[in-house]
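A closer look at the structure
Here is what each chain is made of, one letter per residue.
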Amino acid sequence: MTALSGRRLPDARYFQLATLVTLLAINFAIIDFGARPESSMIAIAGALLTQVVCCRISGVPLDLKSPLITGLSLSLLLRADALWLHAAAAVIAIGSKFVLRVDGKNVFNPAGLAIVVLLFTSQGVWISPGQWGTEIWLGSLAGLFAILVLSASRRADIAVYFFASHAALLLLRAGWLGDPLAIPLHQLQSGSLLIFTFFMISDPRTTPDSHLGRLLFAVTVAVTAHYLTFFMQMRPALYVALIALSPLTLVLDRLIPAARFSWRSPNPQGVST
């Protein structure tokens, strides 16, 4: 084994946190993405508090990195008329990690599940369109991809599989309709798409363990989301497709077994949060 292969890779969550904090700071200081300080604080505080309570009840060691990522993701993605809905989103997201588990693995991406639940059960809830501008979008794309490639998450493959499938479908549709190339390119330049790609569908705790499984899952989500968007006229199609198809991960893990991902060594309860 070479020195490079034997070296312990850094925890990707530190880089993810730095990226999300930077994007939220850009929202407040430079370009308004739609996130508000009060709703962001409620989402983040709600995620942290729920994590503390759930860890205390379950006896799982407390780790605040994952709930911080969830709270920051909700801050950048979720918009609601009432502040309590941001708190509800945080509780749903973090609580799902402790309740909705099969064989020690999360069934749903926490932030994605919270968004879908609130979209279908509450009024005055929507997803940020995520138009960040070309320069910030390109910088974020490069940075987020580098994080996955160079970190311990090892989920760059599913991010590439999904983004490539999603882009190919948009380009094929534009060609079929005779639309100019600018239309699919504009559809791809969405900040919310980047967060979905690099923080939700690539979440190592809710994605298939095998490379082939991740390829099949990513393409299936992209195709389903495309159908929901353009044939069912469903705006939050990416999130609905991801949550609806999340149980497929459990099937793929059974059919194509591979080593289970863990941010750290398993604890006695077998729960990694």
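Heads up: these notes are all about the structure in this document. From a predicted model like this one, the values you see are computed outputs, not experimental measurements.

1. Points about the pattern of salt bridges
For side chains bearing opposite charge, pairing can occur when the charged atoms are close. Counted by the stated rule, this structure contains eight salt bridges. The shortest N-O distance in the salt bridge between R36 and D32 comes to 3.1 Å. Notably, a salt bridge pairs K105 with D209, separated by 3.0 Å at the nearest N-O pair. You can see K105 sitting in strand β3 (residues 105-106) and its partner D209 sitting in the loop between α10 (191-200) and α11 (211-230), a full 104 residues away along the chain. Here K105 and D209 have matching classes, each one buried. Overlapping salt bridges, with partners in common, bring together D103, K105, D209, D253 and R260 in one network.

2. Focus on the nonpolar core
Grouped together as the largest cluster of nonpolar side chains are 68 residues, with contacts concentrated most on F162, F196 and Y239. By residue number, the principal contributor to this core is helix α12 (residues 237-245), which donates eight residues. The contact partners of F196, leaving out residues within four places of it in the chain, are F162, I201, V221, L238, Y239 and L242.

3. Side note on unusual backbone geometry
Notably, D103 is not glycine yet its phi reads approximately 55°, a positive angle. For D103, a relative accessible area of 59% gives the class exposed.

4. As for the side chain of T70
Looking at the element boundaries, T70 is found in helix α4 (residues 65-77). Here T70 is in contact with A93, I94, P110 and A111, once residues within four sequence places are set aside.

5. Notes on the state of the cysteines
Considering all chains together, one arrives at zero disulfides under this definition. Here C54 stays unpaired: no disulfide links it, and the sulfur of C55, its closest cysteine neighbor, is 7.2 Å away. Overall, C54 belongs to the buried group, its relative accessible area being 17%.

6. Looking at the environment of L148
Tracing the backbone through its elements, the reader meets L148 in helix α7 (residues 134-150). L148 gets classed as buried once you look at its relative accessible area, which sits at 3%. Taking the C-alpha atoms as reference, L148 lies 9.0 Å from S202; in sequence the two are 54 residues apart.

Rules used in this analysis
Residue indices begin from 1 for each chain and proceed along its sequence in written order. Predicted model: local features are reported for residues with pLDDT of at least 70 only, side-chain atom pairs are reported and counted for 80 or more only, and whole-chain, interface and lining totals are derived from all residues. Just so you know, side-chain values use all the structure's heavy atoms and leave hydrogens and water out. Each reported salt bridge corresponds to a side-chain nitrogen of Lys or Arg within 4 Å of a carboxyl oxygen of Asp or Glu. The secondary structure listing takes helices from DSSP runs of H or I that are at least 4 residues long and strands from runs of E that are at least 2 residues long, numbered from the N terminus. Burial status follows relative accessibility: with a 1.4 Å probe on protein chains alone, a residue under 20% of its type maximum counts as buried, one over 50% as exposed, and anything between as partly exposed. Think of a nonpolar core as a cluster: buried Ala, Val, Leu, Ile, Met, Phe, Trp, Tyr and Cys residues, connected wherever their side-chain atoms sit within 4.5 Å. Between two residues, a contact is recorded if the distance between any of their heavy atoms is within 4.5 Å. Any two cysteine sulfur atoms lying within 2.5 Å of each other are counted as a disulfide.

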